[in-house]
Amino acid sequence: MPTQVRLSSGHLIIPIVLCLAAAGFNAFFALPLLPTWYAGLIKPAFLPVDTFPFVMVVLFVYLLLGCSVIFIWHASRMAKHDQLLCLGLIIFTIILMGLWGYIFFGLKSPFLGVMISVFVISMLIATMLQSVKVSFGAMLLLTVVVILTFLIAYTNYLIVQFNPSLPIFGI
């Protein structure tokens, strides 16, 4: 007989709060530069002029990651090793995403941002593949995160292409 997993509100809130804290770390570097440095960059035509949709997509990605962590953390039908590996991969990926925000906005280096984006997408795919063993729901959410992160990375790449005078290593 499968064991029943009881979820307290803390088990549901902690992963979301931690992911939103990571989003806040990105916002710390991004928000002051959105109306100034970022607004001055040449961007692809499909990007809205207003930065609100950009902020909402990033927030949505972090919320999906938080929900994925909940699914992985509370999956009970697999080996603990697979669960811990999956949690480690997703936490490392969230840290890398924070690093992207610091590099792209804090260092003002879209080029290095592209490099980190490739690594983030690779880690997301690895996490997604590992999560198949742990939680199908997490795998589905991570699929959406991979697609959105790819679109952000592609936009980042186009910004590099459209702004060749930007310094490679930032500032």
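Whatever comes next refers back to the structure up there.
Residues numbered from 1 in each chain as written. Predicted model: local features only at pLDDT ≥ 70, side-chain atom pairs only at ≥ 80, totals over all residues. Heavy atoms only, no water.

S.K.: Which residues make up helix H3 (residues 52-73), and what are the values?
M.R.: The first and last C-alpha atoms of H3 sit 31 Å apart over 22 residues, in line with the 32 Å expected at 1.5 Å per residue. Within H3 the residues assigned to the buried category are Phe54, Val58, Val61, Tyr62, Leu64, Leu65, Gly66, Ser68, Val69, Ile70 and Ile72. (Helix = DSSP H or I, 4+ residues; strand = E, 2+ residues; numbered from the N terminus. Expected span 1.5 Å × (residues − 1). Buried < 20%, exposed > 50% of the residue type's maximum accessible area, 1.4 Å probe, protein only.)

S.K.: Which residues make up the layout of surface pockets, and what are the values?
M.R.: Its boundaries defined by the atoms lining it, the largest pocket holds a volume of some 300 Å³. Along its surface, the largest pocket is lined by 16 residues, and Leu47, Phe54, Leu151, Ile152 and Thr155 are the ones closest to its centre. Breaking the lining of the largest pocket down by element, the ones donating at least two residues are H3, helix H4 (80-106) and helix H6 (136-162). By residue number, the principal contributor to the lining of the largest pocket is H6, which donates 6 residues. Considered class by class, the residues forming the lining of the largest pocket number 14 nonpolar, 2 polar and no charged. Approximately 230 Å³ is the volume found for the second largest pocket. (1 Å grid on protein atoms, 1.4 Å probe; cavity = no way out; pocket = protein on both sides within 12 Å on 5 of 7 lines; lining within 4 Å. Points joined across faces, edges and corners; volume = space filled by probe spheres on them. Nonpolar A, V, L, I, M, F, W, Y, C, P; charged D, E, K, R; others polar.)

S.K.: Mind laying out the side chain of Thr155, listing which residues take part and the relevant values?
M.R.: Relative to the elements of secondary structure, Thr155 occurs in helix H6. Not counting residues within four places of it along the chain, the set of residues in contact with Thr155 comprises Pro44, Phe46 and Leu47. (Contact = heavy atoms within 4.5 Å.)

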